[in-house]
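Each chain, written out:
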Amino acid sequence: MISLETTGLGGSVAAGHSSDQIENMVPVKDRIIKVTFNADVHASLQWNFRPQQTEIYVVPGETALAFYKAKNPTDKPVIGISTYNVVPFEAGQYFNKIQCFCFEEQRLNPQEEVDMPVFFYIDPEFAEDPRMVNVDLITLSYTFFEAKEGHQLPVPGYN
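About the criteria used
Residues numbered from 1 in each chain as written. Predicted model: local features only at pLDDT ≥ 70, side-chain atom pairs only at ≥ 80, totals over all residues. Heavy atoms only, no water. UniProt positions renumbered as here; feature names shortened; annotations may be inferred. Pairing = 2+ DSSP bridges. Helix = DSSP H or I, 4+ residues; strand = E, 2+ residues; numbered from the N terminus. Axes fitted to C-alpha atoms, helices over the stretch in contact; angles between N-to-C directions.

Within an unreviewed UniProt entry, the label attached to the chain reads Cytochrome c oxidase assembly protein COX11, mitochondrial, and the organism entered is Myotis myotis. Under the heading Function (unreviewed entry), UniProt records this for the chain: "Exerts its effect at some terminal stage of cytochrome c oxidase synthesis, probably by being involved in the insertion of the copper B into subunit I."

(A) The arrangement of the sheet that holds strand β2 (residues 48-51) in detail. Spatially, β2-β4-β8-β6 is the arrangement adopted by the 4 strands of the open sheet, whose pairing is antiparallel. The open sheet terminates on both sides in strands that have one partner only, identified here as β2 and β6 (95-99). Averaged over all adjacent pairs, the angle separating strand axes in this sheet is 30 degrees, with direction ignored. The pairing of β2 with strand β4 (residues 63-71) spans 4 bridges and is antiparallel. Within β4, the position partnered with Arg 50 by the bridge is Lys 69.

Listed below in structure tokens is the structure:
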């Protein structure tokens, strides 16, 4: 499993959470949040990229798994790399990805199609933040770019 740094929009970058912390989270069962998924591809990349589900319902403190699908419809290998963001901005600090494909190069051979998992949770502290009281919808959005040598992607640093 890939351990990622937790990057939250609207908050600071925090170290990834340990499996003990995740296993000991207490779900906030009375706080249901709809998470929607968005997929974009930069004009330079000729991939088909889409979420496999449009939405799921989660509660803070409970892990969830979602999938995106990417296909290289061309006749040559292409390497892509993705960035992500979370809307609303302020909720990003509570959105924790345990495993995902962002910021890592993904090579797809001609006509290859792959499933890309995103394993995440919303921190239980979300339910205690007065700024989140009216937030019941969070959108996770990924954008894929063609990976080019020397090209640096913007890394979200939400300080």
